[in-house]
Amino acid sequence: MRVIVAKRVDEGVPDTGEICRLAAAAGHEVVDEVTQVRPGDPALELGAGKVDELAQLVIQHNAELVIFDNRLGPYQTYNLGNKLPKGVAVIDRFRLILDIFGQRANTRRAQLQVELAELRYELPRAEAKTSLAKREEHPGFMGLGEYDESRKRDIKERISRIQEELTTMEVRDAKRRERRRDSGFDLVALAGYTNAGKSTLLRRLASELSIDQNEDLHPDLDPVAASSDRLFETLGTTTRSTTIDDRDILITDTVGFIADLPPWIIESFNSTLEAVYQADLVLLVIDVSEPVTTVREKLVTCHDILSARNQAPIITVLNKTDRVTDAELTEVKSAIDALAPNPVHISAVSGDGIDDLRSRITSALPPWLGERLVVPHTDNTMSLVSWLHDNARITDISYDDSGVMIEFESRPAIIERARDRAEGLVLEAGS
Ligand SMILES: Nc1nc2c(ncn2[C@@H]2O[C@H](COP(=O)(O)OP(=O)(O)OP(=O)(O)O)[C@@H](O)[C@H]2O)c(=O)[nH]1
Ligand SMILES: [Mg+2]
């Protein structure tokens, strides 16, 4: 659609870059923009004169849609609609983000999450309409009020049914994470602002494809798919395996972050973000090629979203170094020093710095512990040895008449399992 974007800021210079990229990501063509520096107007968001100017531009460009970068209340949306030519819709940043999510949602989970976010967006609007109708004495309005009452009930019921289904998926995911940890995998998650380069880095780090059948299917699974410069390219989760220093690692890519996301959108995507919150390590990917103030702001946004739930250690990864000079990189590093004291810098596209990143990953993962087991020869001894070959790093092994001595290093869960199995062998030999 032909679109005019509008943005109001309290002070400073309005920057319409991101809202234009979001509009493009939704498939729109931005034909013009209006901006204003002033306090928000309760009725129209912009000043009345600015809205007249906006209406003129709409006519002049034959625009079909107006997108506000600001959050619009239901009354503001209604009032603005009245000021514009008939048939021209007005939406805000959040409605636009939901539209993009809706277009990209190609898995059951993504669809449920988008629907949940939409219902949460709609609920206060239905409530506003109901209370408006109740205040009116007009009988026609009363009819509308009853309609909205039942619409409100429907929304609430649907919300709780979706939440139930998402919870079931979360339980399934949690079990899968535990299974994966039990079989010796460390879980690493990619997080970061949309367009930072997470999916590109995933493809760089993990060339092998190894995905559970019931993991969300996503176009990113296509190993030759080129990443494009579109915001919110990734919605679902994609997991691939890699091996670093003998450690089997699963890396999960997920939905990107963006500024000013209201809590109801973030909550709607919690089911996807759980992969980040429950990881052993988070790689926070930052696009270092943007202006220093933008890098800082985006880093703050990412920390805000993560800080609510994240437990894992975080490595800050400054990506796209191929686009900056050494001096620029140094400048960014010192500007974010307080937020991200020890970042790794890479180019996911050229491969620069990837080896550094790999070694930082292994040193940040929970350390492997050493263990020494002596087990008797039984029918099942060799199966324990081969299981340890698969799930641990065997540092020494010797056989004699009395049994087998195995020295190995692995994650605590594996050591626990190995001890149990060794005990089983002792019992078996004794009986
Ligand atoms: N020059 C350069 N471009 C990069 C680099 N890494 C990624 N890009 C480009 O940046 C754009 C976004 O990359 P993606 O990997 O899709 O970003 P993302 O973080 O997965 O984005 P979302 O899925 O929207 O959250 C693409 O056009 C990539 O080709 C890099 O190291 N250097
Ligand atoms: Mg992506």
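What counts, and at which threshold
Residues numbered from 1 in each chain as written. Chains lettered and ligands numbered in written order. Predicted model: local features only at pLDDT ≥ 70, side-chain atom pairs only at ≥ 80, totals over all residues. Heavy atoms only, no water. Phe/Tyr/Trp six-rings, centres within 6.5 Å; stacked < 30°, edge-to-face > 60°. Lys NZ or Arg CZ within 6 Å of the ring centre and 35° of its normal. Helix = DSSP H or I, 4+ residues; strand = E, 2+ residues; numbered from the N terminus. Buried < 20%, exposed > 50% of the residue type's maximum accessible area, 1.4 Å probe, protein only. Axes fitted to C-alpha atoms, helices over the stretch in contact; angles between N-to-C directions. Parallel < 35°, antiparallel > 145°, perpendicular 65-115°, else oblique. Left-handed = near helix turned anticlockwise from the far one by under 90°. Contact = heavy atoms within 4.5 Å. Nonpolar A, V, L, I, M, F, W, Y, C, P; charged D, E, K, R; others polar. Salt bridge = Lys/Arg side-chain N within 4 Å of Asp/Glu carboxyl O. Domains from an automatic or database assignment. Near = heavy atom within 4 Å. Polar contact = N/O pair within 3.5 Å; in protein donor to acceptor, adjacent residues only side chain to side chain. Areas by Shrake-Rupley, 256 points an atom, 1.4 Å probe, with all protein chains shown as cover. Core = buried A, V, L, I, M, F, W, Y, C linked by side-chain atoms within 4.5 Å. Pairing = 2+ DSSP bridges. Arc of directions from axis to C-beta.

Student: Explanation requested: the packing of aromatic side chains in the structure shown.
Tutor: The geometry of an aromatic ring pair is captured by the separation of the ring centres together with the interplanar angle, meaning the angle of the planes. Enumeration according to the criterion identifies zero aromatic pairs in this entry. We note Arg95 situated over the ring of Tyr121; from NZ or CZ to the ring centre the distance is 5.5 Å.

Student: In this structure, what is going on with unusual backbone geometry? I would like to understand it.
Tutor: Glycine aside, residues mostly have negative phi, and peptide bonds are mostly found in the trans state. In this structure, Glu45 takes a positive phi of about 70° despite not being glycine. Backbone geometry at Asn62 places phi at a positive 60°, although glycine is not the residue there. Relative to the elements of secondary structure, Asn62 occurs in the loop between helix H2 (48–61) and strand S3 (65–68).

Student: Honestly, the environment of Glu423 in this entry has me stumped. Any pointers?
Tutor: Within the fold, Glu423 resides in helix H14 (residues 412–430). Here Glu423 falls in the exposed class, since its relative accessible area comes to 53%. Each C-alpha atom of the pair Glu423 and Asn82 lies 78 Å from the other, and the pair is 341 residues apart in sequence.

Student: Explain the packing of helix H10 (residues 292–307) against helix H11 (residues 326–335) to me, please; I cannot follow it from the model alone.
Tutor: The relative placement of two packed helices comes down to the angle between their axes together with the axis-to-axis distance. The N-to-C vectors of H10 and H11 enclose an angle of 40°; their axes lie 10 Å apart at closest approach. One element, H10, and the other, H11, form an angle in the oblique class. In the crossing of H10 with H11, the sense of the turn from one axis to the other is right-handed. Here Val292, Val295 and Arg296 of H10 come into contact with H11, specifically with Glu331, Val332 and Ala335. When the residues that make up the contact of H10 with H11 are grouped by side-chain class, the tally is four nonpolar, no polar and two charged.

Student: How do you make sense of the pattern of salt bridges when you look at a structure like this?
Tutor: Charged atoms that come close allow side chains of opposite charge to pair. Taken as a whole and assessed by the stated rule, the structure comprises 26 salt bridges. A salt bridge links Asp287 to Lys320; the shortest N-O distance between them is 3.1 Å. A residue pair is termed long-range when its members are at least 10 positions apart, and Asp287 in strand S8 (residues 281–287) and Lys320 in the loop between strand S9 (314–319) and H11 qualify at 33 residues. With relative accessibility at 9%, the residue Asp287 sits in the buried group. Classification of Lys320 as buried rests on a relative accessible area of 14%. In this structure, Glu409 engages Arg393 in a salt bridge whose closest nitrogen and oxygen atoms are separated by 2.6 Å. Placement of Glu409 in strand S13 (residues 403–410) and of Arg393 in strand S12 (residues 393–400) is noted, with a sequence separation of 16 residues between them. Taking the relative accessible area as the measure of exposure, Glu409 reaches 28% and is therefore partly exposed.

Student: How should I be thinking about the domain arrangement of the chain in this particular structure?
Tutor: Where interface size is quoted, it is often the accessible area lost as the parts come together. Domains assigned within the chain are domain 1 (2–101), domain 2 (105–169), domain 3 (184–364) and domain 4 (369–430). The distance between the C-alpha centroids of domain 1 and domain 4 comes to 66 Å.

Student: Help me understand the site of ligand 1, please; the structure alone is not making it clear to me.
Tutor: Within the structure, ligand 1 sits among 24 residues, and Thr194, Lys198, Thr200, Thr234 and Asp322 are positioned closest to it. Side-chain polar atom of Ser347 to an oxygen atom of ligand 1: 3.2 Å apart, as the coordinates give it. Isolated, ligand 1 exposes 650 Å² of accessible area, and the fraction of that covered by the protein chains is 92%. Per-element tally for the shell around ligand 1: the top contributor is helix H7 (residues 198–205), with three residues. Its residues assigned to classes, the shell around ligand 1 comprises six nonpolar, eleven polar and seven charged.

Student: Help me understand the nonpolar core in this model?
Tutor: General note: in soluble globular proteins, nonpolar side chains tend to be found buried as a group. Membership of the largest hydrophobic core comes to 55 residues, with the highest contact counts inside it found for Leu22, Ile67, Leu96, Ile97, Phe101, Phe232 and Ile265. By residue number, the principal contributor to this core is helix H4 (residues 93–104), which donates six residues. Residues within four places of Ile265 in sequence aside, it is in contact with Phe94, Ile97, Leu98 and Phe101. By size, the runner-up hydrophobic cluster in this structure holds 21 residues, among which are Leu202, Leu205, Leu283 and Leu357.

Student: Looking at this structure, I do not really get the sheet that holds strand S4 (residues 89–92). What am I missing?
Tutor: Backbone hydrogen bonds hold the strands of a sheet together, and the pairing may be parallel or antiparallel. Reading across the sheet, the four strands line up as S2-S1-S3-S4 and stay open at both edges, with parallel pairing between neighbours. Lying at the two open borders of the sheet, with one neighbouring strand each, are strand S2 (29–37) and S4. Shown here is a sheet whose adjacent strand axes are inclined to one another by a mean of 20°, direction ignored. Examined bridge by bridge, S3 and S4 share four bridges and lie parallel to one another. Counted as the bridge partner of Ile67 is Ile91 from S4.

Student: How should the side chain of Asp92 be read in this particular structure?
Tutor: Inspection of the secondary structure assignment puts Asp92 in strand S4. Asp92 has contacts with Phe68, Asn70, Arg71, Leu72, Tyr121 and Arg125, leaving out every residue within four places of it along the chain.

Student: For this particular structure, what's the right way to read the side chain of Arg411?
Tutor: Topologically, Arg411 is positioned in the loop between S13 and H14. Look at Arg411 and you get buried, because its relative accessible area is 8%.

Student: Sorry, what's going on with helix H1 (residues 17–25) here?
Tutor: An α-helical turn contains 3.6 residues, so any two residues separated by three or four positions project in the same direction. Looking at H1, one finds that the buried residues are Glu18, Ile19, Leu22, Ala23 and Ala25. One side of H1 carries all its buried residues, which in axial view fall inside an arc of 160°. As for H1, its buried residues are in contact with strand S1 (2–9), S2, S3, H4 and H10. Phi turns positive one or two residues past the end of H1, at Gly27, with a value near 95°.

Student: Is there a simple way to explain the sheet that holds strand S6 (residues 238–244) in this structure?
Tutor: Across the sheet, which stays open at both edges, the six strands sit in the order S6-S7-S5-S8-S9-S10 with mixed pairing between neighbours. On the outer flanks of this sheet lie S6 and strand S10 (344–345), each paired with one strand and no other. Sheet analysis places S8 next to S9, joined by six bridges and oriented parallel. Directly across from Val285, in S9, lies its bridge partner Val317. The sheet contacts of H10 involve strand S5 (186–192), S8 and S9, and relative to S8 the element is tilted by about 155°.

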